[in-house]
Amino acid sequence: MRYLVTARVKTERAAALARAVDEGTLGQGSVAGDEYFRNMHDARAHDDGRVQWVEVCYCSTPLAEEREYWEEYFDLEKVQDAHARSRCRDLNGTDAWSCGDCDCSARLEARLAGKGRRFLDVLRSNT
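Described in the following lines is the structure provided in the data block. (Residues numbered from 1 in each chain as written. Predicted model: local features only at pLDDT ≥ 70, side-chain atom pairs only at ≥ 80, totals over all residues. Heavy atoms only, no water.)

## A word on the pattern of salt bridges
Opposite charge on two side chains allows them to pair when their charged atoms are near.
Here is step 1 of the chain: Taken as a whole and assessed by the stated rule, the structure comprises 10 salt bridges.
Here is step 2 of the chain: Between Arg124 and Asp22 there is a salt bridge; the shortest N-O distance is 2.5 Å. Here Arg124 is found in helix H5 (residues 119-125), whereas its partner Asp22 is found in helix H1 (residues 14-23), with 102 residues between them in sequence.
Here is step 3 of the chain: In this structure Arg124 comes out as partly exposed when scored by relative accessible area, which is 35%.
Here is step 4 of the chain: The shortest N-O distance in the salt bridge between Glu35 and Arg38 comes to 2.7 Å. Separated by 3 residues within a single helix, Glu35 and Arg38 lie in helix H2 (residues 35-42), roughly one turn from each other.
Here is step 5 of the chain: Overall, the relative accessible area of 13% leaves Glu35 in the buried class.
Here is step 6 of the chain: Each of the salt bridges in this network shares a partner with another, and the network as a whole consists of Arg2, Glu35, Arg38, Asp42 and Glu109. (Salt bridge = Lys/Arg side-chain N within 4 Å of Asp/Glu carboxyl O. Helix = DSSP H or I, 4+ residues; strand = E, 2+ residues; numbered from the N terminus. Buried < 20%, exposed > 50% of the residue type's maximum accessible area, 1.4 Å probe, protein only.)

## Describing the sheet that holds strand E1 (residues 2-9)
Here is step 1 of the chain: Spatial ordering of the open sheet is given by E4-E1-E3-E2-E5, a layout of 5 strands whose pairing is antiparallel. Edge positions in the open sheet fall to strand E4 (74-81) and strand E5 (117-118), since each of these has one partner strand only.
Here is step 2 of the chain: Where E1 meets strand E3 (residues 51-56), 6 bridges bridge the pair, whose relative direction is antiparallel. Residue pairing across strands places Thr6 opposite Gln52, the latter belonging to E3.
Here is step 3 of the chain: Where helix H4 (residues 106-113) meets the sheet, its contacts fall on E1, strand E2 (44-45) and E3, and the angle it forms with E3 comes to roughly 155 degrees. (Pairing = 2+ DSSP bridges. Contact = heavy atoms within 4.5 Å. Axes fitted to C-alpha atoms, helices over the stretch in contact; angles between N-to-C directions.)

## Some details on the side chain of His46
Here is step 1 of the chain: Residue position: His46 is located in the loop between E2 and E3.
Here is step 2 of the chain: The exposure class of His46 is buried, given its relative accessible area of 11%.
Here is step 3 of the chain: A polar side-chain atom of His46 sits 2.9 Å from a polar atom in the side chain of Gln52.
Here is step 4 of the chain: When sequence neighbours within four positions are dropped, the list of residues in contact with His46 reads Gln52, Leu112, Lys115 and Gly116. (Polar contact = N/O pair within 3.5 Å; in protein donor to acceptor, adjacent residues only side chain to side chain.)

## Focus: the side chain of Arg2
Here is step 1 of the chain: Mapped onto the elements of the fold, Arg2 is located in strand E1.
Here is step 2 of the chain: Overall, the relative accessible area of 4% leaves Arg2 in the buried class.
Here is step 3 of the chain: In terms of polar contacts, Arg2 uses its side chain to reach the side chain of Ser105, at 3.2 Å.

If you want it as structure tokens, here you go:
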């Protein structure tokens, strides 16, 4: 499933997050692997301090695996479905593990890319 994540960086953890991204240690030990880096590369920063990204997650509970890694750096405000669950081929069992290559949230991701600023640029300029 894909989720639209809305979060705020914990002020005291911004420099550590930038280091973790730059050093390749973000999410170290998680089965989600490079998903963390894709998320941060695509994340958008809004003027009000919110950060948003679309996350691929195969857990039965949204972000069950990723939550502890994200909560080290972010206050998660909202995690919502990025598209209709009924159309998720992985979730309905028609195409297991399909979320990684699916374009089900392409419109949302394109719309999100046009909002705010690139998160990593904002993060690095503030640390």
